[in-house]
Amino acid sequence: MLFDGNDRKQAERQKKQEGKLPPGQSLTLKWPVLHYGSVPNFDPKTWDLKIYGLVESPLKLDWIEFNALPKIQTESDFHCVTRWSRFDNHWNGVSMQEVLRRVRPNPSASHVLLHAEQGYTANVPLADLDRPNVLLATHHDGQPLSADHGYPLRLIVPHLYAWKSVKWLRGLEFLDHDAPGFWEQNGYHMYGDPWKEQRYSGS
């Protein structure tokens, strides 16, 4: 079972008492693997990250250039729409605010459509990316991300459901409107606030 054991139950009670466990969620001490499609192959010679759209200075970074950007470490919780939460995750990567300083979004930019491998997309308001604990992560709990958890690059947006923390990130497209991504087109909520249980459209 994913959620058995006295250690887990005790930790879950503590998080509930602290007001840190969103409604409808259960605490896990593991890190389940969930994604649509297969795990893509990574080739550092051909990989790039494109940041474009309504920005003053579009960027296209190869793997070496991306890793030359300043790094930060953050700690945050992780809430999956399938009703599990993993607490106190340690992330290492590039701050999203560092990226925003470099590309300088236009005043008309309000949303970002995130592009990942195999055509996967997700939408996030720009204001929700402009936070100190949002980052483009390469490491989790002191180790490089595993391939099935998004290596080489995963966006981490801790305050939204984890499907917005896109694995295998390849592009950020700045828009002047909201545009549904893959799961949003298939019935998931356009925003995805765990505290409001915004799991599906209409919730």
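Refer to the preceding data block for the structure.
As the structure is a prediction and not an experimental result, all values here were calculated from the model.

Draft legend 1. Spatial organisation of the packing of aromatic side chains. For the coordinates displayed, the defined rule picks out 16 aromatic pairs. Measuring from ring centre to ring centre gives 6.1 Å for W31 and F78, while their planes differ by 85 degrees; the resulting arrangement is edge-to-face. In this pair, W31 sits in the loop between β1 (26-27) and β2 (48-53) while F78 sits in strand β4 (residues 72-79), placing the two residues 47 residues apart along the sequence. Pair check on accessibility: W31 and F78 agree, each one buried. For the ring pair W47 and W63, a centre distance of 5.1 Å and an interplane angle of 80 degrees mean the geometry is edge-to-face. Here the residue W47 occupies a position in the loop between β1 and β2, and W63 occupies one in helix α2 (residues 63-67), the gap between them amounting to 16 residues. Cluster of aromatic residues (ring-pair linked, three or more members): Y120, Y161, W163, F182, W183, Y188 and Y200.

Draft legend 2. Up close: the pattern of salt bridges. Considering all chains together, one arrives at 16 salt bridges under this definition. As a salt-bridge pair, E18 and K20 come within 3.8 Å of each other at their nearest N and O atoms. Overall, K20 belongs to the partly exposed group, its relative accessible area being 38%. With its nearest N and O atoms 3.1 Å apart, the salt bridge here joins E56 to R104. Taken together, the residues span a long stretch of sequence, with E56 in the loop between β2 and β3 (59-62) and R104 in the loop between α3 (96-103) and β6 (111-116) at a distance of 48 residues. On the basis of relative accessible area, E56 is assigned to the exposed category, the value being 51%. Judged by relative accessible area, which is 40%, R104 ranks as partly exposed.

Draft legend 3. How the structure looks around the layout of surface pockets. Within this model, the largest pocket holds a volume of roughly 470 Å³. Along its surface, the largest pocket is lined by 28 residues, and L34, H35, Y36, Y120 and W183 are the ones closest to its centre. Of the residues assigned to the lining of the largest pocket, the class counts are 18 nonpolar, 7 polar and 3 charged.

Draft legend 4. Local environment of helix α1 (residues 6-17). The end-to-end C-alpha distance of α1, which contains 12 residues, comes to 17 Å, matching closely the 16 Å that a straight helix rising 1.5 Å per residue would cover. For α1, every residue scored as buried is listed here: R8, E12 and K15. The buried residues of α1 occupy an angular sector of 65 degrees when projected down its axis, which confines them to one face. Projecting away from the buried face of α1 at angles above 90 degrees are the exposed residues N6, D7, Q10 and Q17. At its buried positions, α1 is contacted by β1 and β5 (84-95). G19 sits one or two residues past α1 and shows a positive phi near 75 degrees.

Draft legend 5. A look at the environment of F42. Following the sequence through the fold, F42 ends up in the loop between β1 and β2. Take F42: its relative accessible area is 25%, and that puts it in the partly exposed class. For the pair formed by F42 and A147, sequence separation is 105 residues and the distance between their alpha carbons is 8.6 Å. Beyond its immediate stretch of four places on either side in the chain, F42 contacts W47, W63, Y151 and P152.

Draft legend 6. View of unusual backbone geometry. Cis rather than trans, the peptide bond between Y151 and P152 has omega equal to 15 degrees. Residues other than glycine seldom take positive phi values, yet D88 does so here, at roughly 55 degrees. Relative to the assigned elements, D88 resides in strand β5. Judged by relative accessible area, which is 36%, D88 ranks as partly exposed. Even without being glycine, D141 reaches a positive phi, approximately 50 degrees. With respect to the secondary-structure elements, D141 resides in the loop between β8 (135-140) and β9 (143-144). Using a relative accessible area of 34% as the deciding quantity, one classes D141 as partly exposed.

Parameters and conventions
- Residues numbered from 1 in each chain as written.
- Predicted model: local features only at pLDDT ≥ 70, side-chain atom pairs only at ≥ 80, totals over all residues.
- Heavy atoms only, no water.
- Phe/Tyr/Trp six-rings, centres within 6.5 Å; stacked < 30°, edge-to-face > 60°.
- Helix = DSSP H or I, 4+ residues; strand = E, 2+ residues; numbered from the N terminus.
- Buried < 20%, exposed > 50% of the residue type's maximum accessible area, 1.4 Å probe, protein only.
- Salt bridge = Lys/Arg side-chain N within 4 Å of Asp/Glu carboxyl O.
- 1 Å grid on protein atoms, 1.4 Å probe; cavity = no way out; pocket = protein on both sides within 12 Å on 5 of 7 lines; lining within 4 Å.
- Points joined across faces, edges and corners; volume = space filled by probe spheres on them.
- Nonpolar A, V, L, I, M, F, W, Y, C, P; charged D, E, K, R; others polar.
- Expected span 1.5 Å × (residues − 1).
- Arc of directions from axis to C-beta.
- Contact = heavy atoms within 4.5 Å.

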